[in-house]
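So you can see what is in the structure, the chains are spelled out below.
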Amino acid sequence: MDYSNLRRQAASMKKSLFDQGYLDEQFCQVEDLQDEASPNFVEEVVTLFFKDSGRLMSNIEQALEKYPRDFNRWDTYMQQLKGSCSSIGASRMKNECMSFRDSCGQGNVEGCMRSFQKVKREHAVLRQKLESYFQLLRQAGPAGAATRPVM
Amino acid sequence: MAVAIEAPFHVLAVDDSLPDRKLIERLLKTSSFQGLAFVCVVTTVDSGSKALEFLGLHDHEDSPISAQSDQQEVAVNLIITDYCMPGMTGYDLLKKIKESSYLRDIPVVIMSSDNIPSRINRCLEEGADEFFLKPVRLSDMSKLKPHILKSRCKEHYQQEQHLQSNSESNNSSNPTSENSSSSTSSNSHKRKAVDEEILPHTIRPRHS
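What you are looking at is a predicted structure, and each value in this text was computed from that prediction instead of being measured. Counting of residues starts from 1 at the beginning of each chain's written sequence and follows it residue by residue. In the order they appear in the text, chains get letters beginning with A and ligands get numbers beginning with 1. Where totals are concerned, whole chains, interfaces and linings use all residues; where local detail is concerned, this predicted model gives features only for residues with pLDDT of at least 70, and gives and counts side-chain atom pairs only at 80 or more. In computing side-chain values, all of the structure's heavy atoms are included and hydrogens and water are not.

(A) Quick peek at the interface of chain B and chain A. Whether two residues touch is decided by their heavy atoms; if any such pair falls within 4.5 Å, the residues are in contact. Counting from both sides, the interface comprises 17 residues of chain B and, opposite them, 19 residues of chain A. A combined buried area of about 1700 Å² lies between chain B and chain A, and 58% of that area is made up of carbon and sulfur atoms. A pairing counts as a salt bridge when a side-chain nitrogen of Lys or Arg comes within 4 Å of a carboxyl oxygen of Asp or Glu. Viewed at the interface, chain A and chain B are joined by two salt bridges. With its nearest N and O atoms 3.0 Å apart, the salt bridge here joins Asp 35 of chain A to Arg 26 of chain B. Whenever a nitrogen or oxygen atom comes within 3.5 Å of another N or O atom, the pair is scored as a polar contact, on the condition that within protein one atom can donate a hydrogen and the other can accept it, and that pairs from neighbouring residues in sequence are kept only if both atoms are in side chains. In this structure, the connection of chain B to chain A is made through six residue pairs in polar contact (both at pLDDT 80 or more). A class-by-class count of the residues in the side of chain B that touches chain A yields nine nonpolar, two polar and six charged. Each of two parts loses accessible area, computed with a 1.4 Å probe, when they are put together; buried area is these two losses added. Residues are grouped as follows: Ala, Val, Leu, Ile, Met, Phe, Trp, Tyr, Cys and Pro are nonpolar; Asp, Glu, Lys and Arg are charged; every other residue, Gly included, is polar.

(B) Main features of the nonpolar core. Leu 81, Phe 100 and Leu 130 of chain A together with Ile 24, Leu 28 and Ile 80 of chain B are the most contacted members of the largest nonpolar core, which totals 61 residues. Strands are runs of DSSP state E lasting at least 2 residues, helices are runs of H or I lasting at least 4, and numbering of each runs from the N terminus. In terms of residue count, the dominant contributor to this core is helix α3 (residues 41–66) of chain A (eleven residues). With residues near it in sequence (within four places) discarded, Ile 24 of chain B still touches Ala 13, Ile 80, Met 111, Val 136 and Met 141 of chain B. What is meant by a nonpolar core is a set of buried Ala, Val, Leu, Ile, Met, Phe, Trp, Tyr and Cys residues, joined one to another through side-chain atoms within 4.5 Å. Whether a residue is buried, partly exposed or exposed follows from its accessible area with a 1.4 Å probe, protein chains only, as a fraction of its type maximum: under 20%, in between, or over 50%, in that order.

(C) Here's a closer look at empty space enclosed by the protein. Every definition here rests on a 1 Å grid over the protein atoms only: cavities are sets of points where a 1.4 Å probe fits but cannot get out, pockets are open sets enclosed by protein on both sides within 12 Å along at least five of seven lines, and lining residues have some atom within 4 Å of a point. Grid points are joined across faces, edges and corners, and a volume is the space filled by probe spheres set on the points. Taken as a whole, this structure holds five cavities of 30 Å³ or more when the rule is applied. A volume near 90 Å³ is recorded for the second largest cavity. Gln 26 and Ser 87 of chain A together with Asp 20, Leu 23, Ile 24, Leu 27, Met 111, Lys 134, Pro 135 and Val 136 of chain B are the residues that line the second largest cavity. If you tally residues by element for the lining of the second largest cavity, the top one is helix α1 (residues 18–30) of chain B, at four residues. When grouped by side-chain class, the residues that make up the lining of the second largest cavity number six nonpolar, two polar and two charged.

(D) Representation of unusual backbone geometry within the structure. Omega for the bond connecting Lys 134 of chain B with Pro 135 of chain B falls within 30 degrees of zero, at 0°, which places this linkage in the cis form. With respect to the helices and strands, the residue Pro 135 of chain B is situated in the loop between β6 (130–133) and α5 (145–167).

(E) Quick look at the side chain of Gln 79 of chain A. Note that Gln 79 of chain A resides in helix α4 (residues 71–88). In terms of polar contacts, Gln 79 of chain A uses its side chain to reach the side chain of Asp 114 of chain B, at 3.0 Å. Residues in contact with Gln 79 of chain A, not counting those within four places in the same chain, are Arg 101 of chain A together with Cys 84 and Asp 114 of chain B.

(F) Representation of the packing of α4 of chain A against helix α6 (residues 109–140) of chain A. Residues and elements named next belong to chain A. One can describe the packing of α4 onto α6 by two numbers: an axis separation of 13 Å at closest approach and a directional angle of 25°. Relative to α6, the element α4 lies roughly parallel. Crossing of α4 against α6: the hand is left-handed. Residues Phe 71, Trp 74, Met 78 and Leu 81 of α4 touch α6, and the partners they reach there are Val 109, Cys 112, Met 113, Phe 116 and Val 119. Tallied by class, the residues present in the contact of α4 with α6 amount to nine nonpolar, no polar and no charged. Here the axes come from fitting lines to C-alpha atoms, over the contacting stretch only for helices, and the angles between their N-to-C directions go from 0 to 180 degrees. For classification purposes, an angle smaller than 35 degrees is called roughly parallel, one larger than 145 roughly antiparallel, one from 65 to 115 roughly perpendicular, and anything else oblique. Note: crossing handedness is left-handed where the near helix turns anticlockwise from the far helix by less than a right angle, and right-handed where it turns clockwise.

(G) View of the UniProt feature "domain: HPt" (unreviewed entry) in chain A. UniProt positions are given in the numbering used here, feature names are shortened, and annotations may be inferred rather than shown by experiment. Sequence positions flagged by UniProt for "domain: HPt" (unreviewed entry) are, in local numbering, residues 44–128 of chain A. Secondary structure content for residues 44–128 of chain A is 91% helix and 0% strand, and the end C-alpha separation is 16 Å.

(H) Examining the side chain of Ser 17 of chain B more closely. Summarising the element assignment, Ser 17 of chain B is placed in the loop between β1 (9–14) and α1. Setting aside anything within four residues of it in sequence, one finds Ser 17 of chain B in contact with Asp 52 and Ser 84 of chain A.

(I) Representation of the sheet that holds β6 of chain B in the model. Residues and elements named next belong to chain B. DSSP calls a pair of strands paired once it identifies at least 2 bridges connecting them. The strand order across the open sheet formed by five strands is β2-β1-β4-β5-β6, and the pairing between neighbours is parallel. Edge positions in the sheet fall to β2 (40–45) and β6, since each has one partner strand and no second. On average, each strand axis in the sheet is tilted by 20° relative to the strand beside it, whichever way the strands run. Inspection of the sheet shows β1 paired to β2 by six bridges, in the parallel sense. Looking at the pairing, Val 11 lines up with Val 42 of β2.

(J) View of the packing of aromatic side chains. What counts as a ring pair is set by centres within 6.5 Å for rings of Phe, Tyr and Trp (its six-membered ring), and what kind of pair is set by the plane angle: stacked under 30 degrees, edge-to-face over 60, tilted for all other angles. Tallying each qualifying case throughout the model produces five aromatic pairs over all chains. Ring centres of Phe 18 of chain A and Phe 27 of chain A lie 6.3 Å apart, and the angle between their planes is 65°; this geometry places the pair in the edge-to-face category. Phe 27 of chain A shares its class with Phe 18 of chain A; the two are buried. Judged by centre distance (5.6 Å) and plane angle (50°), the rings of Tyr 133 of chain A and Phe 134 of chain A are tilted. Of the two residues, Tyr 133 of chain A and Phe 134 of chain A, both sit in the buried class. Over the face of the ring belonging to Tyr 22 of chain A we find Arg 92 of chain A, whose NZ or CZ atom lies 4.2 Å from the ring centre. By the criterion adopted, a ring carries a charge over it if an Arg CZ or a Lys NZ lies within 6 Å of its centre and within 35 degrees of its normal. We note Arg 26 of chain B situated over the ring of Phe 41 of chain A; from NZ or CZ to the ring centre the distance is 5.6 Å.

Take a look at the structure:
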């Protein structure tokens, strides 16, 4: 198996995630915490993120239905989700969270609904991309995650 | 005086976010704190009320359930908490800690994703030792170093005091330290560790 080729592919995939704005510098900060003692740290945190964000999004979905025009409640839930996105460097998803909060601030129900759909879409896309990335990393072997993207 | 860094440094981290708890735990454990050699033990809880429970303090009490200092107990050397949490906020937790005569000298760090100066000031005025903007980074950990050193210095001094008073039982100039609070309400970084005669904060571990 050509490990160096796989590593190149992984590096290239990571670079495009950054170039396309899916991830930001905070993701690098998380990667910096990974070492021989904690070799799967990034993937573990990302897994926790998707578990936690799934729960938070479901809270928001319910709140949108059960508490119409309760912008304070909606905003509070979204603030939690935005915080999680921020912690792992999920940049595009975070931006959609911020749009949602803006709409809450304006009392704009339609805006909230539209933004929430975007949040859900970004969540799904990011999950798929990161799953592919981690799978490639695993195939590439332990040295696969070593490099920072060239920006 | 050489500061011996032997015992683990125990941090209680409070955050309702699961990924954030994992991150803060790793940040604390990964930090070398610029060459201090010690083991950092981290306990994470997901709410202010669980933090108080762990610290042995219930909402309506000021003193621990049983404060028997000669028993094997878990000492908490630093508390780091998120500000925005459902139920009890980090600020509420900070207040409770600072109102407690036996907890108030544990350094408290507040984390928040919002950069609101009035919030930051309010926390510092209430006695928070540091305020970190989220997402917290490895470079933020170096700000904890003075608090760690102060805590270690204090413990080392108390160990010496204890040994001294044991061997010189009629020495009246070095009283065995009780829970006398000597810290002033102002949160000055220049508080001298050697002037304080307070027991390390020992809390009976909860089995849950």
